[in-house]
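Inside the fold
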Amino acid sequence: MSNSSSSINQFLLLAFADIRELQLLHFCLFLGIYLAALLGNGLIIITIACDQHLHTPMYFFLLNLSVLDLGCISTTVPKSMANTLWDTRAISYTGCVVQLFFFVFLISTEFCLLTLMAYDRYVAICHPLHYGTLLGSRACVHMAAAAWASGLFYSVLHIANTFSLPLCHGNAVDQFFCEIPQILKLSCSGTYLREIGVIVVGACLFFGCFVFIVVSYVQIFRAVLRIPSEQARHKAFSTCLPHLAVVSLFVSTSFFAYLKPPSISSLLLDMVVSFLYSVVPSAVNPLIYSMRSQELKDAMWKLKTGCFQAATK
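First, a word on what this report is: a plain description of the structure on this page.

Conventions and cut-offs
Residues numbered from 1 in each chain as written. Predicted model: local features only at pLDDT ≥ 70, side-chain atom pairs only at ≥ 80, totals over all residues. Heavy atoms only, no water. Core = buried A, V, L, I, M, F, W, Y, C linked by side-chain atoms within 4.5 Å. Buried < 20%, exposed > 50% of the residue type's maximum accessible area, 1.4 Å probe, protein only. Helix = DSSP H or I, 4+ residues; strand = E, 2+ residues; numbered from the N terminus. Contact = heavy atoms within 4.5 Å. Axes fitted to C-alpha atoms, helices over the stretch in contact; angles between N-to-C directions. Parallel < 35°, antiparallel > 145°, perpendicular 65-115°, else oblique. Left-handed = near helix turned anticlockwise from the far one by under 90°. Nonpolar A, V, L, I, M, F, W, Y, C, P; charged D, E, K, R; others polar. Expected span 1.5 Å × (residues − 1). Salt bridge = Lys/Arg side-chain N within 4 Å of Asp/Glu carboxyl O. 1 Å grid on protein atoms, 1.4 Å probe; cavity = no way out; pocket = protein on both sides within 12 Å on 5 of 7 lines; lining within 4 Å. Points joined across faces, edges and corners; volume = space filled by probe spheres on them.

Residues F61, L62, L65, M117 and L296 are the most contacted members of the largest nonpolar core, which totals 64 residues. Here this core takes 13 residues from helix α4 (residues 93-126), the largest share from any one element. In this structure L65 touches E110, L113, L114, M117, V246, N285 and Y289, once residues within four positions along its chain are discounted. L13, Y154, L167 and I180 belong to the second largest nonpolar core, which has 21 residues in total.

Here is the structure:
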């Protein structure tokens with residue numbers, strides 16, 4: 001860390017409102033979203049862990065996704081809620097570093113995992129006879145570990161670069177959580193080229209993952225449309241649509257957040273877009289999967305009835 005950066009002992013996050021009633025409304029909204037994310041993702045994790053029928057590659061990756069969603073929303077929302085409740089904007093320098101580290105780590109890992117989930121669907125539909133060989137339990141663990149390690153490496157790289165820059169433009173962050181573009185705005189002009197290089201490398205890697213997902217789904221749709229049975233086609237599509245919906249939501253909001261033209265940038269738009277890609281997916285993903293996956297719904301119902309029967313004994 002540079003001396004200029006270390007001279008700042010706290011950052012000031014952007015408040016959603018100055019009026020107390022609106023602050024309490026923001027607190028209640030975030031509390032509802034956070035509890036929904038905790039309940040939905042927690043239920044998916046418990047259901048997959050407890051039901052032997054769901055111990056398959058697809059649900060193994062879904063369990064990892066739910067863990068990431070829980071971590072991602074827990075990184076940003078509780079601090080924003082606490083600041084709103086206590087009517088403050090402050091976050092310590094160390095707190096900002098930790099928050100940004102975990103946010104980048106979890107978001108990067110999630111995109112890698114979504115790529116693996118696309119590969120899982122591609123193999124299941126296009127090469128079903130090789131599914132057990134290509135996606136055995138050991139291979140799935142190795143791929144998931146690689147996704148987590150990639151996210152960790154990318155986050156360390158980002159944090160080391162971002163917080164080594166001298167900050168010359170105060171400590172007010174124009175976002176409700178610590179975000180790399182907003183921290184870079186505080187750096188001295190001409191000193192952030194190294195971090196821009198890291199962002200470009202990351203963008204190229206993410207674009208590569210995005211292309212892989214698109215190509216996988218092109219091959220999947222071609223294979224599904226060749227299936228003669230309408231019932232079989234519907235079943236194949238039903239296993240892909242939840243993942244496709246999750247990818248579309250994640251990619252569209254995060255790409256717009258980081259690639260939108262500066263000419264249309266504003267405090268309100270930046271906050272709304274960041275909310276959409278950092279908070280909404282964590283709460284919506286469990287709903288998408290539980291609504292579209294009959295296997296998961298049946299397992300959840302079985303778990304609920306089993307718990308109810310155990311409680312009434």
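Moving on from the coordinates now.
Where α4 meets helix α9 (residues 230-259), the closest approach of the two axes is 11 Å, and the angle between their N-to-C directions is 150°. Comparing the axis directions of α4 and α9 gives the class roughly antiparallel. In this structure, α4 meets α9 at a crossing whose hand is left-handed. Here F103, I107, E110, F111, L114, M117, A118, R121 and I125 of α4 come into contact with α9, specifically with A236, T239, C240, H243, V246, V247, F250, V251 and Y258. Looking at the contact of α4 with α9, its residues break down into 14 nonpolar, two polar and two charged.

Here we come to the packing of helix α3 (residues 57-85) against α4. The interhelical angle for the contact between α3 and α4, taken along N-to-C directions, is 160°, at an axis separation of 9 Å. Between α3 and α4, the angle is such that the two are roughly antiparallel. For the crossing formed where α3 meets α4, the hand is left-handed. Split into classes, the residues belonging to the contact of α3 with α4 amount to 15 nonpolar, six polar and five charged.

Here helix α10 (residues 267-278) contains 12 residues, and its C-alpha end-to-end distance of 16 Å stays within 8% of the 16 Å for a straight helix at 1.5 Å per residue. Residues of α10 that are buried: D270, M271, V273, S274, F275, Y277 and S278.

This model, assessed by the stated rule, comprises two salt bridges. Note that K302 and D51 form a salt bridge whose closest N and O atoms lie 3.5 Å from each other. Residue K302 is located in helix α12 (residues 294-312), and its partner D51 is located in the loop between α2 (20-50) and α3; the two are separated by 251 residues in the primary sequence. Of the charged contacts, one joins R121 and D120 as a salt bridge, the two residues approaching to 2.9 Å between their closest N and O atoms. D120 carries the same exposure label as R121, and that label is buried.

On to the environment of V156, then. Structurally, V156 is set in helix α6 (residues 137-162). When the C-alpha atoms of V156 and F177 are compared, they prove to be 18 Å apart, with 21 residues separating the residues in sequence.

In this structure, the largest pocket encloses a volume near 480 Å³. In terms of lining residues, the largest pocket is bounded by 19 residues, among which Y154, A203, F206, S254 and Y258 are the most central. Secondary structure elements with two or more residues in the lining of the largest pocket: α4, α6, α8 (193-225) and α9. Across the lining of the largest pocket, the residue classes break down as 15 nonpolar, four polar and no charged. Only α3, α9, α11 (280-292) and α12 provide two or more residues apiece to the lining of the second largest pocket. For the lining of the second largest pocket, the leading source of residues is α9, giving four residues. Residue composition of the lining of the second largest pocket, by class: five nonpolar, five polar and four charged.

Overall, the coordinates contain two cavities of 30 Å³ or more when judged by the stated rule. A volume near 50 Å³ is recorded for the largest cavity. Along its surface, the largest cavity is lined by M58, M117, D120, R121, T239, H243 and Y289. Broken down by secondary-structure element, the contributors of at least two residues to the lining of the largest cavity are α4 and α9. Residues that form the lining of the largest cavity fall into these classes: three nonpolar, two polar and two charged. Of the voids in this model, the second largest cavity is the one considered here, and its volume is about 40 Å³. Forming the boundary of the second largest cavity are D69, C72, I107, E110, F250, Y277, S278, V279, P281 and S282. Those elements giving two or more residues to the lining of the second largest cavity turn out to be α3, α4, α10 and α11. Within the lining of the second largest cavity, the residues separate by chemical class into six nonpolar, two polar and two charged.

Structural measurements only, silent on function.
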